[in-house]
Amino acid sequence: MSKFMYITCLGFIIGLFAFYKPVFAQDSIKISNFTLENAQGQALSLDSLAGKKLTVVIFTSSHCSYAVQYKDRLISIYEKYRGKEVNFIAINSNDPSMSARDSASRMQAISGFPFPYLKDADQRVAKMFHATKTPEVVVLAPREKNYNIAYRGMIDDNPLDVTLVKEPYLSNAIDSLLINKKPLSSQTTLTGCNIKWIE
């Protein structure tokens, strides 16, 4: 094999690995059952949502401007799939000392979500998901005793103006998965606020 062909083939292989890196990275994350409480102290486990095809997990915040702007859009998406094989849960993992709006006693009243909004007080769940931003969505599909990450990333491509959205990533992923197809985009680059970690 000539030196030129060798370098070309090597570059192609490296390129393939670079392209698939996000998929490999998310496939290596193991999501297992967890239990969190809502603002009223009622516990909810991931396994208790079994029976539906997908579970949408939304890492969000009650003070981050990016997350707050998505509230109505998330409610609309929830209503779109209500009655279908999709669960929705929101999780607030922020350190409440950074903003009282993220405390368990206030977050539900501020959000107005019609689906469970849970407090990840010790941030264990955010770390298990390798979550970094708010908002960040993860679509889970059951796989044996654990859960497979079928999509993670942005809700859509325009956090500032819903009228300018061209790519509704989350809805597109759900639509594909409900008919047993792989989403066109299984991972998208996040925009939002960093999760406020407990020091």
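For the structure, check the block above.
Quick summary incoming for the structure in this document. (Residues numbered from 1 in each chain as written. Predicted model: local features only at pLDDT ≥ 70, side-chain atom pairs only at ≥ 80, totals over all residues. Heavy atoms only, no water.)

**Some remarks on the sheet that holds strand S4 (residues 86-92)**
Paired through backbone hydrogen bonds, the strands of a sheet run either parallel or antiparallel to each other. Let me state the cut-off plainly: Any two strands with at least two DSSP-identified bridges between them are counted as paired. Numbered from the N terminus, helices here are DSSP runs of H or I no shorter than four residues, and strands are runs of E no shorter than two. Working convention: axes come from line fits to C-alpha atoms, limited for helices to the stretch in contact. Angles between N-to-C directions cover 0 to 180 degrees.
Overall, mixed pairing links the 7 strands, which are arranged S2-S1-S5-S4-S3-S7-S8 in an open sheet. Each edge of the open sheet is held by one strand with a lone partner, namely strand S2 (43-45) and strand S8 (146-153). Along the sheet, successive strands turn relative to each other by an average axial angle of 35°, direction set aside. Sheet topology places strand S3 (residues 54-59) next to strand S7 (residues 136-143); 5 bridges connect them, and they run antiparallel. Bridge pairing links Ile58 to Val137 in S7.

**As for the state of the cysteines**
Defined as follows: Working definition: a disulfide is two cysteine sulfur atoms within 2.5 Å of each other. A 1.4 Å probe rolled over the protein chains alone gives each residue an accessible area, and that area as a share of the maximum for its type sets the label: buried under 20%, exposed over 50%, partly exposed in between.
The final tally for this structure, using the stated rule, is 1 disulfide. Disulfide pairing is shown between Cys64 and Cys193; the S-S distance is 2.1 Å. The chirality of the disulfide connecting Cys64 with Cys193 is right-handed, given an S-S dihedral of about 85°. Highlighted residues: Cys64 in the loop between S3 and helix H2 (65-69) and Cys193 in strand S9 (residues 193-194), separated in sequence by 129 residues. One exposure class covers both Cys64 and Cys193, and it is buried.

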